[in-house]
Amino acid sequence: QPPAAAAAAAAAGGVAPALAGGDTFNRMSGVLEPFTDVQKGFKLYKPVAWNQFEADPGVYDMKWVDLIEPFETVQVSTSPVSTATSISALGELDEVGAKFAKSRDAQLVSSKSRDADGSLAYTFELKGDAYHEYLLLTINRGKLYRLSTVASNKRWSKREEMYKNVVLSFVPKGF
């Protein structure tokens, strides 16, 4: 994406165009559309035409599920935090990734950090026996945000690019 186009896309969608590791956000020719939740305080690009579910308290704040493959999900959840103001309070990037992988009985494939519009975000790729997941964690305004994108290992190659762009689009600000 040329710099001017990236700046315009960022202004229109509020998505940081330049990210760690050279990854850049892509709308994927209309496969993703913008979603903002002002009340819960986040925005991202979500899959078009997936079922949307609002709030199962203690489980998720917002969830999208593929119509045909219900195991394929994009899920955002928040938890209040009173002391930490940055995700770095949980520990170093790889250390936090290893803890999450262990708690999910999964292998940590990769870990990255980026600036999500002023908030440090950790992103992990995890692979379990039956599933593959991108997990993003960030803290902003007294909330821990967790974005999880999951597909079966069999279908991961079909979803990986879309999920990567959902994760790259996430900003913990809903305005």
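Analysis parameters
Residues numbered from 1 in each chain as written. Predicted model: local features only at pLDDT ≥ 70, side-chain atom pairs only at ≥ 80, totals over all residues. Heavy atoms only, no water. Helix = DSSP H or I, 4+ residues; strand = E, 2+ residues; numbered from the N terminus. Polar contact = N/O pair within 3.5 Å; in protein donor to acceptor, adjacent residues only side chain to side chain. Salt bridge = Lys/Arg side-chain N within 4 Å of Asp/Glu carboxyl O. Buried < 20%, exposed > 50% of the residue type's maximum accessible area, 1.4 Å probe, protein only. Arc of directions from axis to C-beta. Pairing = 2+ DSSP bridges.

With respect to the side chain of Asp37
Mapped onto the secondary structure, Asp37 falls in strand E1 (residues 32-37). A distance of 3.2 Å separates the side chain of Asp37 from the backbone nitrogen of Gln39, its partner in a polar contact.

With respect to the pattern of salt bridges
Taken as a whole, this structure holds nine salt bridges when the rule is applied. Note that Glu33 is salt-bridged to Lys46, the shortest N-O span being 2.6 Å. Here Glu33 is found in strand E1, whereas its partner Lys46 is found in strand E2 (residues 42-47), with 13 residues between them in sequence. The exposure class of Lys46 is buried, given its relative accessible area of 9%.

Things to note about helix H2 (residues 93-103)
Given 3.6 residues per helical turn, the α-helix brings residues three or four places apart onto the same face. Turning to H2, its buried residues number three or more, namely Leu93, Val96, Gly97 and Ala101. On an axial view of H2, the arc spanned by its buried residues comes to 135 degrees, and they lie on one face. Among the exposed residues of H2, those oriented more than 90 degrees off its buried face are Lys102 and Ser103. Remark: Asp105 follows H2 within two positions and exhibits a positive phi of approximately 55 degrees.

Here's the deal with the pairing of strand E4 (residues 60-65)
Summarising burial for E4: six of the six residues are buried, a large majority. Here strand E3 (residues 51-56) hands over to E4 after three residues, with Gly58 in that stretch at a positive phi of 85 degrees. Inspection of the sheet shows E4 paired to strand E5 (residues 73-80) by four bridges, in the antiparallel sense. Across the sheet, Val65 pairs through a bridge with Thr73, a residue of E5.

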